[in-house]
Amino acid sequence: MATHTLDITKEHCPMTFVKTKLKLAQIAEGDILEVLLTEGEPLNNVPKSAKEQGYNVLSVEHVDGNIHKVTIKK
Amino acid sequence: MFDFTEEELNRYSRHILLKDVGVEGQEKIKNAKVLVVGAGGLGSPVILYLAAAGIGTIGIIDGDVVDISNLQRQVIHTTADINRYKAESAKEKAEKINPHVKVVIYKDFLRAENALDIIKDYDFVVDGTDNFPVKFLINDACVMAGKPFSHGGILRFDGQTFTHKPGCACYRCIFNAPPPKDLVPTCSQAGVLGAIAGMLGTIQAAEVLKYFTGAGELLTDKLLTFNAKTMDFRKINVHRRDTCPICGSNPTITELIDYEQAACDLTNR
C-alpha cells in the first residue's frame, strides 16, 4: 500500500479536482493520496467533491501558511 | 495509462469532473472509433459533439455535396461550403474543434456492397441518414457484424431514436421492412423543422458517449419519440423479436440488400 503526493497549490478550479481525479485514477486500489492545496476554493471543494464521488477522505490537516493537506484513500 | 496532456486535461475537464465519466471514461472515449453515416441534419450535431468530446476516431461516410437547402439544419456546413463534399466539409470542422481527433472520410454512400467492409473498423455506428433503404442497410449490416448502433430519424416536427446492442431489439424487430416506396415522404418532400435535427442528433451523440463510458442507461429496447409542436417525449418499450427476419432465431435475411430508393432521393444526388 503506497502513499503518493500531489501538489495542486498552483492550480485553479476546476483543474484542482481534475488533477486530483487523474492521480486517483493512476494509483492502485487501497493506496493513499496526500493532496497539498491552498485555502479558499481548493480547500472548500476538493475534499467535498472527493467525498461526493465516493472516495474515502481520511483527514484534512493544516500544513503551513495557507497550505493544507487532504489525505484520500482510494 | 491515463497519459493525458495538460491541454487535454483542460479540454476535457468538464467530462473528467463527472463521477460517471472521470479520466477512466475519457480514456474510453479517446480509444473509441465511431462511424457516422450521413453528414447532414443528424450527422452535423453528432460529428460536432463527438469531435468536441474527444472520440479518438470518427469515420464520416457521405457521397453528397452541400446544397444551399441543407444549411437550414445541417449546421456543420457553412455557405462557403456549398458544392463541397459534405464529408470533407464535416472533417474540416471536426478537426478545427478538436485536433486530437482522427477523422476518416468516405466520399461515397453506404451500400450493400461496401457496408460490412466499412463498419468492421468501428466500435459503434450512428445512423444519420434520411431514407429507409439505408436505415435498413445499417441495421442489417450492424446486426450481422455484431456492432451497436444508434438509429435516428426526423420528419416535419417529429423525431425518433433508439440504440441497438447485440441481443437487444433491432430496427427490424420494430419495423419489419421498409415501407413501400413513395408511401412515406422524405425530408425533401415533407419538410423538417431545422432545430429538431439538433434535438435528435444530440440525443444520439449522448448515447454514443454513454455507451463508451458506461454511464446511465442506454435507449436499448426503448424507442424514444418526440413531437416538437407539443414537446411531448415518449419512451416506448420494444423487444427483440424471435421472428425478426435478421436477428431472430431463424433469420431469413442472410445477405445485405440495397432497397430501391425513392425517386426524389435519386434526383437529389
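Computed from a prediction, not measured in an experiment: that's the story for all the values here.

1. With respect to unusual backbone geometry
Peptide bonds are trans in most cases, and residues, glycine excluded, mostly fall at negative phi.
Move 1: The residue after A:Cys13, namely A:Pro14, is reached through a cis peptide bond having omega 5°.
Move 2: The residue A:Pro14 is located in the loop between strand 1 (3-7) and helix 1 (15-26) in this model.
Move 3: Unlike most non-glycine residues, B:Asp221 shows phi in positive territory, near 55°.

2. Concerning the sheet that holds strand 1 of chain A
Residues and elements named next belong to chain A.
Move 1: A sheet is described by the order of its strands in space; here 4 strands give the open sequence 1-2-4-3, paired in mixed fashion. One side of each edge strand has no neighbouring strand; the edge strands of this open sheet are strand 1 and strand 3 (56-64). Sheet twist, expressed as the average angle between the axes of neighbouring strands with direction ignored, equals 20°.
Move 2: By the bridge criterion, 5 bridges tie strand 1 to strand 2 (residues 32-38) in an arrangement that is parallel. In the strand pairing of strand 2, Leu6 is matched with Val35.
Move 3: With respect to the sheet, helix 2 (residues 41-52) is in contact with strand 2, strand 3 and strand 4 (67-73), its orientation differing from that of strand 2 by roughly 155°.

3. Considering the interface of chain B and chain A
Move 1: At the interface, 12 residues of chain B touch 9 residues of chain A.
Move 2: Sorting the residues of the side of chain B that touches chain A by element identifies helix 1 (6-11), helix 2 (13-16) and helix 3 (22-31) of chain B as the ones contributing at least two each.
Move 3: Residue contributions to the side of chain B that touches chain A peak at 3 residues, all from helix 3 of chain B.

4. Observations regarding the sheet that holds strand 8 (residues 232-237) of chain B
What holds strands together in a sheet is hydrogen bonding between their backbones, with the strands either parallel or antiparallel.
Residue and element names in this part refer to chain B.
Move 1: The strand order across the open sheet built from 8 strands is 3-2-1-4-5-6-7-8, with neighbouring strands paired in mixed fashion. In this open sheet, the two strands that pair with only one neighbour each are strand 3 (102-106) and strand 8. The mean inter-strand angle of the sheet, taken between neighbouring strand axes irrespective of direction, is 15°.
Move 2: With 6 bridges joining them, strand 7 (residues 222-227) and strand 8 adopt antiparallel strand pairing. Opposite Thr225, over in strand 8, you have Arg234 as the bridge partner.

5. Considerations on the confidence of the model for chain B
Residues and elements named next belong to chain B.
Move 1: Considering every residue of chain B, the mean pLDDT works out to 94; 96% of them sit at 70 or more.
Move 2: Confidence over residues 263-269 falls short of pLDDT 50; this stretch has 8 contacts with residues more than four positions distant or in other chains.
Move 3: Of the two predicted TM-score estimates for the complex, the pTM is 0.94 and the ipTM is 0.92.

6. Details of the environment of B:Gly38
Move 1: Inspection of the secondary structure assignment puts B:Gly38 in the loop between strand 1 (33-37) and helix 4 (43-53).
Move 2: Setting aside residues no more than four positions away along its own chain, B:Gly38 makes contact with B:Gly43, B:Asp62, B:Gly128, B:Thr129 and B:Asp130.

Cut-offs used in this document
Starting afresh in each chain, residues are numbered from 1 along the sequence in its written order. As they are written, the chains are lettered A onward and the ligands numbered 1 onward, keeping that order. The model is predicted, so local features are restricted to residues of pLDDT at least 70 and side-chain atom pairs to those at 80 or more, both for listing and for counting; the totals for chains, interfaces and linings are taken over all residues. Elements are defined by DSSP. Helices are runs of H or I of four residues or more, strands are runs of E of two residues or more, and each kind is numbered from the N terminus. In this scheme, strands are said to pair when DSSP sees at least two bridges between them. All axes here are fitted lines through C-alpha atoms, helices being fitted over the stretch that makes contact, and every angle between N-to-C directions spans 0 to 180 degrees. Once C-beta atoms are placed from the backbone, any two residues with those atoms within 7 Å are in contact. Across the chain, each position has a pLDDT score giving the predictor's confidence in that residue, from 0 to 100.

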